[in-house]
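Summary of the model geometry
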Amino acid sequence: MTRAYPAFTLGPVSTTFTQGVTALLGANGAGKSTLMRRIVGAESGGGTVTDEEGHEPSPGYLPQDFTAPKQLTATDYLRFVAWCRSTRRRPLGRADVGRALESVDLTSKARSKVGALSGGMLRRLGVAQALIGGSRILVLDEPTVGLDPIQRGELRRLLKVLGRTHVVIVSTHLSEDVAAVAESVSVLSGGRLVFDGDLAGLVQIAGRTDVTAESVDLAFSRVVDSGVDA
Ligand SMILES: Nc1ncnc2c1ncn2[C@@H]1O[C@H](COP(=O)(O)OP(=O)(O)OP(=O)(O)O)[C@@H](O)[C@H]1O
């Protein structure tokens, strides 16, 4: 797929995402959010995105600038999301909201106002809204950014759990996130895919077998410097 802005071009990017967590790694401005918006259909451009049956998917999406109305309770907000995503064939309601809150470990905050949630909880609420509708594909744009180490740890654990049942595509520029949660990595540089494979294959590029933030950093620098398309 492609997307051209006046001063930036994404792609052509051709890749396949599978069940588990794939980290989309890249420096600021590498094109991660643009690629994610193309995947979820929030941005037009060249090429197509299809699921395994060849249909256009409707992934659950956590945008980078996720917010929710502060005066609503977590439940009321999610019920509104469920109502928006309901179709005649598939009405969504109370049970779907309950399941989404449980999945992100926010059941105890169901009646709390959005404005009273911590940054980490708000981000988990963002993941909960992405789960409403039951898509197997989750596209999460920098879900750990701005969180403190404890909140980041909680979110990483959540991503790992979701990766057991979903195709989770998560963008980050933190090599710690990649080392902690990803099975696969797609590295973007200047709008081009310069690595696409499993985490062990990425660190091998730096001559390493250990998966740590340091080995990921080293390999990331190598693939970005080489600039060879994946
Ligand atoms: N709507 C737009 N119109 C014009 N240019 C855009 C638009 N959106 C993004 N860009 C440009 O495309 C490039 C890639 O942006 P993008 O937000 O996809 O990168 P990113 O890797 O997600 O960066 P970050 O990590 O900082 O969020 C940037 O140079 C940005 O200025």
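The rules behind the values
Residues numbered from 1 in each chain as written. Predicted model: local features only at pLDDT ≥ 70, side-chain atom pairs only at ≥ 80, totals over all residues. Heavy atoms only, no water. Near = heavy atom within 4 Å. Polar contact = N/O pair within 3.5 Å; in protein donor to acceptor, adjacent residues only side chain to side chain. Areas by Shrake-Rupley, 256 points an atom, 1.4 Å probe, with all protein chains shown as cover. Buried < 20%, exposed > 50% of the residue type's maximum accessible area, 1.4 Å probe, protein only. Helix = DSSP H or I, 4+ residues; strand = E, 2+ residues; numbered from the N terminus. Pairing = 2+ DSSP bridges. Axes fitted to C-alpha atoms, helices over the stretch in contact; angles between N-to-C directions. Parallel < 35°, antiparallel > 145°, perpendicular 65-115°, else oblique. Left-handed = near helix turned anticlockwise from the far one by under 90°. Contact = heavy atoms within 4.5 Å. pLDDT = per-residue confidence, 0-100. Core = buried A, V, L, I, M, F, W, Y, C linked by side-chain atoms within 4.5 Å. Domains from an automatic or database assignment. Buried area = accessible area lost by both parts, 1.4 Å probe. Salt bridge = Lys/Arg side-chain N within 4 Å of Asp/Glu carboxyl O. Nonpolar A, V, L, I, M, F, W, Y, C, P; charged D, E, K, R; others polar.

This part takes up the site of the ligand. Neighbouring the ligand are 14 residues; Gly-29, Gly-31, Lys-32, Ser-33 and Thr-34 lie closest to it. One of the side-chain N or O atoms of Tyr-5 is found 3.5 Å from a nitrogen atom in the ligand. Between the ligand and Gln-64, the relevant distance is 3.3 Å, taken from an oxygen atom to a side-chain nitrogen or oxygen of the residue. Expressed as a share of its isolated accessible area of 640 Å², the protein-covered part of the ligand is 61%.

A separate point is the pairing of strand β7 (residues 184-189). Among the 6 residues of β7, 5 are classified as buried, and the element is accordingly described as predominantly covered. Direction of pairing for strand β3 (residues 20-25) relative to β7: parallel, over a ladder of 4 bridges. The residue bridging Leu-25 from the neighbouring strand is Val-187, located in β7. Pairing geometry for β7 and strand β8 (residues 192-198), over 6 bridges, is antiparallel. Across the sheet, residue Val-187 finds its bridge partner in β8, namely Phe-195.

The subject of this paragraph is the packing of helix α2 (residues 74-85) against helix α4 (residues 119-131). Interaxial distance between α2 and α4 falls to 9 Å at its minimum, and their mutual angle equals 25 degrees. Put simply, α2 runs roughly parallel to α4. Remark: the crossing between α2 and α4 carries right-handed chirality. Facing α2, whose interface residues are Ala-74, Tyr-77, Leu-78, Val-81 and Arg-85, α4 presents Leu-125, Ala-128, Gln-129 and Ala-130.

What follows is about the confidence of the model for the protein chain. A residue-level look at the protein chain finds 100% of positions with pLDDT of 70 or above and a mean pLDDT of 94. Summarising per-element confidence for the protein chain, the mean pLDDT is lowest in strand β1 (residues 3-5) (93) and highest in strand β4 (residues 60-62) (98).

With that settled, consider the nonpolar core. The biggest cluster of nonpolar side chains holds 34 residues, and the ones touching the most others in it are Tyr-77, Leu-78, Leu-125 and Ile-132. Where this core is concerned, the elements lending two or more residues are α2, α3 (94-103), α4, β5 (137-141), α5 (149-163) and β6 (167-172). Structurally, this core is a two-domain feature, drawing no fewer than three residues from each of domain 1 (1-59 + 136-230) and domain 2 (68-134). Sequence-distant contacts of Leu-78, that is, excluding residues within four places in its chain, are made with Val-97, Leu-101, Leu-125, Ala-128, Gln-129 and Ile-132. One finds Ile-39, Val-40, Ile-169 and Leu-188 within the second-largest nonpolar core, a separate group that totals 19 residues.

So, about the pairing of β3. Counting buried positions over the 6 residues of β3 gives 6, a clear majority of the element. Of the two faces of β3, both are covered, the one formed by Gly-20, Thr-22 and Leu-24 as well as the one formed by Val-21, Ala-23 and Leu-25.

In terms of domains, the protein chain is made up of domain 1 (1-59 + 136-230) and domain 2 (68-134). Each of domain 1 and domain 2 has a C-alpha centre, and the two are 25 Å apart. Listed as interface residues are 14 residues of domain 1 and, on the opposing side, 11 residues of domain 2. For the pair domain 1 and domain 2, the summed buried area comes to about 920 Å², and 68% of that belongs to carbon and sulfur atoms. There are 1 salt bridge connecting domain 1 and domain 2. Ionic pairing is found between Arg-124 and Glu-154, a salt bridge with its closest N-O pair at 3.4 Å. The tally of links between domain 1 and domain 2 comes to 4 residue pairs in polar contact (both at pLDDT 80 or more). For the side of domain 1 that touches domain 2, the secondary structure elements donating two or more residues are β5 and α5. Residues of the side of domain 1 that touches domain 2, tallied by class, amount to 8 nonpolar, 3 polar and 3 charged.

Attention now goes to the pattern of salt bridges. Inspection of the entire model under this criterion finds 8 salt bridges. Its salt-bridge partner being Asp-177, residue Arg-156 comes within 2.8 Å of it at the nearest N-O pair. Residue Arg-156 is located in helix α5, and its partner Asp-177 is located in helix α6 (residues 175-181); the two are separated by 21 residues in the primary sequence. Side by side, Arg-156 and Asp-177 carry an identical accessibility label, which is buried.

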